[in-house]
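Overview (structure and organization)
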There are 2 protein chains.
Amino acid sequence: MTAMRWEGWGDPARAISLPPQLRALLDNALGVRPTGRPAGPLDAIELPPPAFDPSGLRTIVGEPNVRTGSADRIRHTRGKSTVDILRIRAGSVEDAPDAVVLPAGHEEVLDVLRWCAQRRVAVVPFGGGTSVVGGLAPVRAGFAGVVALDLARLDRLVALDPVSRTATLQAGVRAPAAEELLAAQGFTLGHFPQSFEYASIGGFAATRSSGQYSARYGRFDELVVGLRVATPQGSVGLGRAPRSGAGPDLRQLFLGSEGTLGVITEVTARVHPAPVGYRHAWWRFASFPDGMGALRRLAQDGPLPAMVRLADEYETALTAPGIDGCLAVVAFEASPVPAVEAVLRAAGGTPLGAEPGEAWARGRFQAPYLRDALLDAGALAETVETATFWSGLPALYDAVRACLMDNLGTPPLVLCHVSHVYPTGASLYFTVVCAQSGDPVSQWRQAKQAVNAAILAAGGTISHHHGVGTDHAAGLAEEVGPLMVDALRAVKRRLDPAGILNPGILLGTTVGP
Amino acid sequence: MTAMRWEGWGDPARAISLPPQLRALLDNALGVRPTGRPAGPLDAIELPPPAFDPSGLRTIVGEPNVRTGSADRIRHTRGKSTVDILRIRAGSVEDAPDAVVLPAGHEEVLDVLRWCAQRRVAVVPFGGGTSVVGGLAPVRAGFAGVVALDLARLDRLVALDPVSRTATLQAGVRAPAAEELLAAQGFTLGHFPQSFEYASIGGFAATRSSGQYSARYGRFDELVVGLRVATPQGSVGLGRAPRSGAGPDLRQLFLGSEGTLGVITEVTARVHPAPVGYRHAWWRFASFPDGMGALRRLAQDGPLPAMVRLADEYETALTAPGIDGCLAVVAFEASPVPAVEAVLRAAGGTPLGAEPGEAWARGRFQAPYLRDALLDAGALAETVETATFWSGLPALYDAVRACLMDNLGTPPLVLCHVSHVYPTGASLYFTVVCAQSGDPVSQWRQAKQAVNAAILAAGGTISHHHGVGTDHAAGLAEEVGPLMVDALRAVKRRLDPAGILNPGILLGTTVGP
C-alpha cells in the first residue's frame, strides 16, 4: 500500500484534477479564486524532540518500532477532515504525537498501555488515520506526551471459520488487505466505505463504520460477532454467540468507543461467499420524496439490492446534467434482481441503464481525491451526515440544507443523497462546496456548529457513520444526555483509570487525569 | 387478562392434565412417583407487615396503588422457574416484597425511585413476572425493604408511526394487549416467546427476549429502536435513528439490564404489517446434524421462513412417536414459500404435511402448563438454553446433553431443539424431565451448576434468551470477565448510586449499598 499523502488524501499518484464543468461552476457560480496557500514540502517541517523519553517503549516493541522523526510524526497528526487538511497545509503540526509506536500484537499493546498509564502518556490508537471528525487529536493538557499507537503490524487473518462464516482479523489489517486475505478463501467482508483504500478493520469497529453495500452486508457493527480488546486494566474478550441474552451486549460498548475505552486488537466478523462481481444501474425518480418512497419500500418490504443510493435534485443536476428529477444508483450482486426492479418501477422509477451506474462504481473512492483538487483551487469542500426515522427524514433534509445554505458566508453548492437505508429510517449525506474565505478553518467551524445544532433540533443523530471524535462530542452529549455521557465516563474510569486513551475524544474534555 | 396462578403458570382455567403416553413414560421409564407436596391455599399464608412504612409511596402513586396485603405480595414473589414454583408450593415466601407499588407513568416511576433511593428500599421492576432465572428475587441484606414496582398501569400505545413502521408502547403493556392495540391499526410486533400470554413489553426489552418467529421478525432487542428509562438519577431517552455512528449504542446497555440500571418505561419498536396468518409444516431430516445443515443453509443464504425449529432425535421420538430421525417445524407467513421448501428439500428434508405443524402451533404456549402437571405428578421438569456459532454447535449439544444425563441423580429424559438461527450460529433449547428426589430444589440446583459449567466450557453463552437473573450471574462473570462486570457496575453506580435497583440480579452480590 502506498503511504497516504500527508497533506491530503490517498495515493499521490492517483491525484485527480478538476473536471472542466466543475471548474467553470466554481469560477462562475461560486466565485472561487485561488488562495495561494499551498503546503510546503514535508521535510521542511521540523518538530521539537519528544516531550518524554520513549526508550522504555523501545524495550517493549523493539528499537525500529518506536519512531520519533518529524516525517513519521507528521504523518500521524490528526485525520483527514477538511479542517485537518487545511491546517496541516498551513503548517499547523502542534498536535503531532511525540512518538509513533508500532506494537506486534495484543500483548505488546497491553504492555504499551500499562507503560503509558504509569507515565500519564496519552495514547491515540491509529489504524488508517482516516478520521474526519477529529478522532485522532486528543487533548494534551495534563499529559506527559502523546503516543500514536499505529496498529499496522497487527496485519494477520487469525482464523477463518467457513462453517460459521466468520473471520477473525487483527485490527491493523487495512480493508483492501482484508478483502485479499478473504478472497483467497472465497469470502468477502463486503465492507466498502469511501475510506476503503486506507481504513483498517479496527477502525471500522471502533467507529461503527458503514459501507456502500450496507443494504446487502449490514453496517460494520452489525458484522462484528467478537472482539478482543486491550485496556490499561487488562484484556477483554467478548462474543460467544451471534446473539445472547446474557446481559447487555457488551460488544456494543466497544463498537463506537473510538479508542477511548480500549484498543481493539482483533475483530471476529461475519463474512460472505465472495460474489462474482457487482452490477450497478441508474434509476430516475421524479422527485427526492418519490425516490425516498421507493427506497423505503425496498427497506421495509424487500428485497434489498446490495446498495441503493438516491441523490437529491441538486446532486443529480451536478452528476448527470440534463436529467430532470433524482437519480438512484442501485447495485446488485452478480446481476440485477427482477423483484427489486419491479419495486422500483412500481414506485415510479425509470431505469436509465447500466453504464452511468458503472461509472459511479469506477469513481466510488474518488471523492476525497476530488476534495484535494477543490482545496487546491481555493474551494472549501466538506461533508455532513446524519440519520433519522423515515417520517422525520424530509424535515431533517430541509433543516440541514437550509442551514448549510445560510452559514458559509458565501453562496454554497449543497448536494445530498440518501446513502444507507433501514426498515425504520435512513441516512442523509450532504456535500458542501463554496469559496474559501480568508480564514476557511473558522468559516467551516462556524457552519459546522450551526449544522450540528440544526441536526439535533430536527431530531437527527449527530452522526450516522463518521463518528463523534472531537467535532461531535458536544452533539453526542446533547443527543444522549449528560447522564449517559457520565455513565460512559464511569466505564472509562474503570478500564482506563489514568484517562490516557484518546482523551477528549467522544466524551469531551471534562474527562482526564 | 386472568391473573397468573400464584403457585404455577398461567390461567388456572387452562390447566392441562398429562397425556396418557407421557404419564406411562414417567411411571415406567423414569420412576416418577407422586410426592404428596401440593400447595396449600393462598389465603392460608400470612405475611408479616411491611418492614418499612410505605405511606410516602401512597402520596406518590395514590392510596389504592400501594398494596401490602399478603395475597398481592405473594403474587409478586420471585418468578416462574421450576425452583420458584417448587419453593412457593412449599410455602417459602420469605422473598415476598414488602409492598406492591403501581405507578401510573414515567414521572411517578421517577418519584418512586427517588423515594426508595433515599430510604434504601430495593426496587424490583415487575412486568409479567415470568422470569425463569431468578430475575425477581433481589438480595435483601443491607436494604430497608423491597418494593415490587408493578408496571401494569403503564399500559398504553403511546404512538404509532406507520411511515417509519415503529410503535411506542408503555413498558407494562402485556404482549397480547400489544398485539391487539397494533392489530387495530394493521400492525404486529411479531414477538411470540413462550411467555407470550403474560410477558410485558418492558420485560422483553430488559431481558433481550427472543420469540418463536425470530427468523422473520428478529429478537426483541433487534426490534427496539428507542427507549425511555427512569433511573434514580433522572430520565434517559435514547434512539434518534435506526442506527447511528454517535458512539456506543447505549440502547444496548439497557437491553438486557434486567432492571438493574433503570426502569424502562417506554419502548419504541419496529412493527410489521400484520400478516393474514401463519402456516406451519413439519419436515423430517435423517439426523440432527443433517437438520442443522439445512437450518444453517437457510440462515446463511436464505430465504428464511418465519420460524424454523429443529428437534433432536429424542424430542422427535417423544413428540411424534414412530417417526425416524428429526422433525423440524417450519412456519410461514400466509403460505409456504417455494424457495424455502427447495432449500429444505436440497438439504435432505422430507415434507410431512401441514397438520402436525398446525398442532404444534395450537400447543405453542402450553409447555409451562404441562410443567405444572408434571410437577403435580412428582416429576422435575426444567429447561436450559444456550447458543454458539455453527461450527461449535454439535460439541455444545453433546456437552450439555451429557451433563444433564449425568447430574440429576436419576435417569432423566433430555430433549433438545434448535430454536433460533442466525447467519453465524444458533441456539439450543433443552428440556429435562426426571423423578423428583426428596429435595427437588437442591436436585435441580446441583444439576444447573454443572450444566452452567458445561456450557461455558464448551464455548456457549450462559443464556440465549432467558437472561441472567441470579441463576446466571456467576456464569455471566465468567463469560464476559470480571473486568467487564465491573464496568457494568460502574454504570450502575452512576445511574443508581444507592444500588436499590434489583440488587444482586445480573451483576452478582458484590454490588450493593
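From a predicted model like this one, the values you see are computed outputs, not experimental measurements. (Residues numbered from 1 in each chain as written. Chains lettered and ligands numbered in written order. Predicted model: local features only at pLDDT ≥ 70, side-chain atom pairs only at ≥ 80, totals over all residues.)

A few words now on the overall build of chain A. Per the secondary structure count, chain A includes 19 helices and 18 strands. Here chain A has a C-alpha radius of gyration of 22 Å; the compact-globule value for 513 residues is 24 Å, and the two agree. In terms of overall dimensions, chain A has C-alpha extents of about 65 × 60 × 45 Å along its principal axes. Expressed as a percentage of its 513 residues, the buried residues of chain A come to 59%. Sequence-distant contacts, at least 24 apart, represent 75% of the contacts inside chain A between residues at least 6 apart. (Helix = DSSP H or I, 4+ residues; strand = E, 2+ residues; numbered from the N terminus. Rg over C-alpha atoms; globule rule 2.2 N^0.38 Å. Buried ≥ 20, exposed ≤ 12 C-beta atoms within 10 Å, placed from the backbone. Contact = placed C-beta atoms within 7 Å.)

Grouped together as the largest cluster of nonpolar side chains are 328 residues, with contacts concentrated most on Ala379 and Val400 of chain A together with Ala379 and Val400 of chain B. The contact partners of Ala379 of chain A, leaving out residues within four places of it in the chain, are Leu26, Val32, Leu374, Val433, Cys434, Ala435 and Gln436 of chain A. (Core = buried A, V, L, I, M, F, W, Y, C linked by C-beta atoms within 7 Å.)

Screw-axis analysis of chain A against chain B gives a translation of 0.0 Å along the axis, an RMSD of 0.0 Å, and a rotation angle of 180 degrees. Read as a symmetry element, the transformation amounts to a two-fold axis. Residue Ala490 of chain A, judged by its C-alpha, is the member of chain A lying nearest the rotation axis, at 2.7 Å. Take the interface residues of chain A: 100% of them recur as interface residues in chain B, which is what a same-surface contact looks like. (Least-squares fit on C-alpha atoms with pLDDT ≥ 70 in both.)

So, about the packing of helix α11 (residues 288-301) of chain A against helix α13 (residues 338-346) of chain A. All names here are of chain A. Two numbers describe how α11 lies on α13: the axes approach to 9 Å, and their chain directions differ by 145 degrees. Our pair here, α11 against α13, has a crossing hand that is right-handed. Facing α11, whose interface residues are Ala294, Arg297 and Leu298, α13 presents Val340, Val343 and Leu344. Among the residues making up the contact of α11 with α13, the classes are represented as five nonpolar, no polar and one charged. (Axes fitted to C-alpha atoms, helices over the stretch in contact; angles between N-to-C directions. Left-handed = near helix turned anticlockwise from the far one by under 90°. Nonpolar A, V, L, I, M, F, W, Y, C, P; charged D, E, K, R; others polar.)

Facing 67 residues of chain A, the contacting portion of chain B comprises 67 residues. Taken together, the elements giving at least two residues each to the side of chain A that touches chain B come down to β9 (234-238), α10 (251-254), β16 (379-389), α18 (473-480) and α19 (482-495) of chain A. The leading source of residues in the side of chain A that touches chain B is α19 of chain A, at 10 residues. Split into classes, the residues belonging to the side of chain A that touches chain B amount to 28 nonpolar, 27 polar and 12 charged.

The subject of this paragraph is the sheet that holds β9 of chain A. Residues and elements named next belong to chain A. If you trace the five strands from one edge of the open sheet to the other, you get β5-β6-β10-β8-β9, paired in antiparallel fashion. Taken across any chain shown, the strands that pair with only one partner, and hence form the sheet edges, are β5 (157-161) and β9. Strand-to-strand twist of the sheet, defined as the mean angle between neighbouring strand axes without regard to direction, takes the value 10 degrees. Across four bridges, the pairing between β5 and strand β6 (residues 166-170) is antiparallel. (Pairing = 2+ DSSP bridges.)

Residues and elements named next belong to chain A. Taken domain by domain, chain A holds domain 1 (39-150), domain 2 (157-273) and domain 3 (278-362). On the side of domain 3, seven residues touch domain 2, which itself brings four residues to the contact. When its residues are assigned to classes, the side of domain 2 that touches domain 3 shows two nonpolar, one polar and one charged. (Domains from an automatic or database assignment.)

This paragraph deals with the pairing of strand β18 (residues 425-435) of chain A. Residues and elements named next belong to chain A. Among the 11 residues that make up β18, 11 are buried, leaving the element largely enclosed by the rest of the structure. In this structure, β16 lies alongside β18, joined through 11 bridges in antiparallel fashion. By the bridge assignment, Ala381 is partnered in β18 with Val433. Across seven bridges, strand β17 (residues 413-421) lies against β18 in antiparallel orientation. Along β18, the bridge assignment pairs Leu413 with Val433. Taking the residues between adjacent antiparallel strands as the criterion, β17 and β18 are bridged by three residues.

Residue and element names in this part refer to chain B. On the basis of which strands lie adjacent, the open sheet formed by four strands has the order β1-β2-β4-β3 and mixed pairing. Single-partner strands in this sheet number two, and they are β1 (66-67) and β3 (121-126). For β1 and strand β2 (residues 99-101), the ladder comprises two bridges, and the chain directions are antiparallel. Paired with Arg67 across the two strands is Val100, which belongs to β2.

On to the environment of Ala490 of chain B, then. Looking at the element boundaries, Ala490 of chain B is found in helix α19 (residues 482-495). Judged by local crowding, Ala490 of chain B falls into the partly exposed class, with 18 C-beta atoms found within 10 Å. Apart from residues lying up to four places away in sequence, Ala490 of chain B is in contact with Ala490, Val491, Arg493 and Arg494 of chain A.

It is worth spelling out helix α18 (residues 473-480) of chain B at this point. Burial within α18 of chain B is extensive, with six of its eight residues counted as buried. Turning to α18 of chain B, its buried residues number three or more, namely Ala473, Gly475, Leu476, Ala477, Glu479 and Val480 of chain B. The elements touched by buried residues of α18 of chain B are β9 of chain A together with α17 (440-457) and α19 of chain B.

Let's shift gears to the environment of Arg89 of chain B. Residues and elements named next belong to chain B. Locating Arg89 in the fold gives a position in helix α4 (residues 82-89). On the basis of neighbour count, Arg89 is assigned to the partly exposed category, with 18 C-beta atoms found within 10 Å. Separated by 82 residues in sequence, Arg89 and Glu7 place their C-alpha atoms 5.7 Å apart. Sequence-distant contacts of Arg89, defined by excluding residues within four places in its chain, comprise Glu7, Arg37 and Ala39.

The amide bond that connects Gly302 of chain A to the next residue, Pro303 of chain A, takes the cis arrangement and shows omega of -10 degrees. Assignment of secondary structure puts Pro303 of chain A in the loop between α11 and β13 (307-311). Despite not being glycine, Asn502 of chain B shows a phi value in the positive range, around 45 degrees. Tracing the chain through its elements places Asn502 of chain B in the segment after α19. The backbone of Leu506 of chain B sits at a positive phi, close to 65 degrees, despite the residue not being glycine.

With that settled, the discussion passes to the confidence of the model for chain A. Per-residue confidence for chain A gives a mean pLDDT of 96; residues scoring 70 or more make up 99%. For this predicted complex, the interface score ipTM comes out at 0.97, while the overall pTM is 0.97. (pLDDT = per-residue confidence, 0-100.)

Residue and element names in this part refer to chain B. Structurally, His76 can be placed in the loop between α3 (70-74) and α4. With 24 C-beta atoms counted inside 10 Å, the residue His76 sits in the buried group. Beyond its immediate sequence surroundings of up to four residues, His76 is in contact with Pro97, Val100, Phe126, Gly129, Ala148 and Asp150.

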